[in-house]
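Observations on chain architecture
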Amino acid sequence: MIKVTSNRIHFIIKMMSIKSFFRLSTAAALLLGLSACNNELDEPQAAIVPEDAVQLTASIGTPFSTRSTPMVDGATNFTEGDEIYVRGVSDSSGATSYSAVSIYRLTGDTWAPMEGRYILWQTDRMNFQAFYPASVVSDMETQGKPFPEQFPLQVPLDQSTGERMALADLMGIQGGSYVTFTKGQPVHLPMEHLTVKVTVRIAAFKPQFPSGTAISSLTLMTGSVAPNPIETKEYIPFREGEGGVGTDYTILLPGGKNALNLCKRLKIKLQPGGYTLLEADLSSLYINWDENKHYTINLTVGKEMLEMGEVTVSDWSATQDIDSGDGGMQII
């Protein structure tokens, strides 16, 4: 008969505890190792592009003056960090219904979706719609504004710097409509300006003014009347010059048929320093203007009225204005 003393029992329990500790430690180490392996695998997996992902490129239809004007870093195309809002929907001829949106950002030479949310090729033919800048669309969705019908109306009011004017350069594919692509075909999105570029040029001051007179303020106002009244908006243009003869005031205004059907009024408010504020109605011109065009209005400033001289129109890519045929002097 084996006699077991209390000291021996204590020793056996102690040895069992040590073995259990080593077993637990080994299991924990194994689990930690597996977790580390999984983490190492998860990182590259997150960067893997889905096999049916839509990969696209985008450019600007008139690259001579991109993102509103070369005043911003002399840019002639989209630049690093630019973001476009893209919608992809299945072609109506197919049996499968699919719709997805994503914001694609330009990094280096590659457009990739934010957070890896690719639009997918769910059908052999898909329709694509795109808008720039994406932030404007996001703001509209947050505020519950109709989209895309009112997208061209979301032009920022303050365009007094090149950077602010760049944010006003709203663009879309073919005026905001859809373009169809077939799976396997390169998806290239040529963006077009959805705004009207307007330059008010101070051509002369009437002899009523002393030498050295300059414009102290100039703004343009848009609005509408019944049956589709919208709020009046006042825009601050970008100024090139000191307000004297030869000074240009450039602004981007809502363009396109949808915008102009809602926004048919255009007025100019101009004040020569120390003199009476002058206003003039440019609506008869505005309702005939096309987006993606640059209009230059030559003004002669009088103490009581403004006289509109030659109005010229050009593509944004042109280096010289082309006479629109609206020459001659007109009192406004």
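Note: the structure precedes this text.
Let us look at the structure shown here.

The rules behind the values
For every chain, the first residue of the written sequence is number 1, and numbering continues from 1 onward in sequence order. Per-residue local features of the predicted model are confined to residues with pLDDT of at least 70, and side-chain atom pairs are confined, for both listing and counting, to 80 or more; whole-chain, interface and lining totals are unaffected and use all residues. The basis for every side-chain value is the complete set of non-hydrogen atoms in the structure, without hydrogens or water. Note on conventions: DSSP H or I runs of at least 4 residues are helices, E runs of at least 2 residues are strands, and numbering of each starts at the N terminus. Using a 1.4 Å probe on the protein chains alone, a residue whose accessible area is under 20% of its type maximum counts as buried, one over 50% counts as exposed, and one in between counts as partly exposed. Two residues form a contact once any of their heavy atoms are found within 4.5 Å. Residue exposure ignores everything except the shown protein chains as possible cover, and the areas themselves are Shrake-Rupley values with a 1.4 Å probe. When the centres of two rings from Phe, Tyr and Trp lie within 6.5 Å, Trp using its six-membered ring, the rings pair. Their planes under 30 degrees apart give stacked, over 60 give edge-to-face, and anything left gives tilted. Residues belong to one nonpolar core when they are buried, are Ala, Val, Leu, Ile, Met, Phe, Trp, Tyr or Cys, and are joined through side-chain atoms within 4.5 Å. DSSP-based pairing: two strands are paired if at least 2 bridges between them are found. Only C-alpha atoms enter the line fits that serve as axes; for helices the fit covers just the stretch in contact. Angles between N-to-C directions range over 0 to 180 degrees. Note that the arc is defined by the directions from the helix axis to the C-beta atoms.

Points about the overall build of the chain
- Summing up its helical and strand segments, the chain has five helices and 19 strands in all.
- When burial is assessed residue by residue, the chain has 42% of its 332 residues classed as buried.
- Considering only residue pairs separated by 6 or more positions, the chain has 62% of its internal contacts joining residues 24 or more positions apart.
- Of the accessible surface of the chain, which amounts to about 18100 Å², a share of 53% is contributed by carbon and sulfur atoms.

Digging into the packing of aromatic side chains
- Using the criterion set out here, one finds 13 aromatic pairs in the structure.
- Taking the centre distance of 5.9 Å and the plane angle of 65° together, the rings of Phe128 and Phe181 count as edge-to-face. Taken as a pair, Phe128 in strand E5 (residues 125–132) and Phe181 in strand E7 (residues 179–182) lie far apart in primary sequence, 53 residues in all.
- By relative accessible area, which is 0% here, Phe128 ends up buried.
- Each ring, one from Phe131 and one from Phe147, has its centre 4.9 Å from the other, and the planes form 65°; the classification is edge-to-face. Within this pair, whereas Phe131 is found in strand E5, its partner Phe147 is found in the loop between helix H2 (134–143) and helix H3 (162–167), the two being separated by 16 residues in sequence.
- Judged by its relative accessible area of 17%, Phe147 is buried.
- In textbook terms, an aromatic cluster arises when at least three aromatic residues are bridged by ring pairs, as seen for Tyr85, Phe131, Phe147 and Phe151.

A short note on the nonpolar core
- Phe151, Ile268, Leu270, Trp289 and Val301 are the most contacted members of the largest nonpolar core, which totals 47 residues.
- Here this core takes five residues from strand E9 (residues 195–205), the largest share from any one element.
- In this view, Phe151 contacts Phe131, Tyr132, Pro133, Val136, Val137, Met140, Leu170, Met171 and Leu194; residues no more than four positions away in its chain are not counted.
- With 27 residues, the next largest nonpolar core counts Ala53, Ile60, Tyr132 and Val187 among its residues.

Section: the pairing of strand E8 (residues 187–193)
- Every second residue of E8 is oriented toward a common face, the buried set being Val187, Leu189, Met191 and His193 and the non-buried set His188, Pro190 and Glu192.
- The pairing of strand E1 (residues 56–60) with E8 spans five bridges and is parallel. Across the sheet, the residue bridging to Ser59 is Pro190, located in E8.

Thoughts on the sheet that holds strand E10 (residues 215–223)
- Reading across the sheet, the four strands line up as E11-E10-E14-E15 and stay open at both edges, with antiparallel pairing between neighbours. Edge positions in the open sheet fall to strand E11 (233–235) and strand E15 (278–281), since each of these has one partner strand only. Ignoring strand direction, the axes of neighbouring strands in this sheet form an average angle of 25°.

As for unusual backbone geometry
- Here the amide bond leading from Tyr132 into Pro133 is cis, since omega sits at -5°, within 30 degrees of zero.
- Mapping Pro133 onto the fold places it in the loop between E5 and H2.
- A cis amide bond links Phe147 to the next residue, Pro148, at an omega of 5°.
- For Pro148, the location among the structural elements is in the loop between H2 and H3.
- The backbone of Glu115 sits at a positive phi, close to 60°, despite the residue not being glycine.
- Although it is not a glycine, Asn292 adopts a positive phi angle of roughly 75°.
- Inspection of the secondary structure assignment puts Asn292 in the loop between helix H5 (283–286) and strand E16 (293–301).
- The class of Asn292 is buried, set by a relative accessible area of 19%.

Considerations on the side chain of Ser90
- Counting through the fold element by element, Ser90 comes out in strand E2 (residues 83–90).
- Among all residues touching Ser90, those that are not within four sequence positions of it are Thr96, Ser97, Tyr98, Thr123, Arg125, Met126 and Asn127.

Observations concerning H2
- Among the residues of H2, Ala134, Val136, Val137 and Met140 are the ones counted as buried. All buried residues of H2 fall inside an arc of 160° around its axis, so they share one side. For H2, exposure combined with an orientation more than 90 degrees from the buried face picks out Thr142 and Gln143.
- Elements that come into contact with the buried residues of H2 comprise E2, strand E3 (99–107) and E5.
- Note on H2: the residue one or two positions beyond its end, Gly144, has a positive phi of about 70°.

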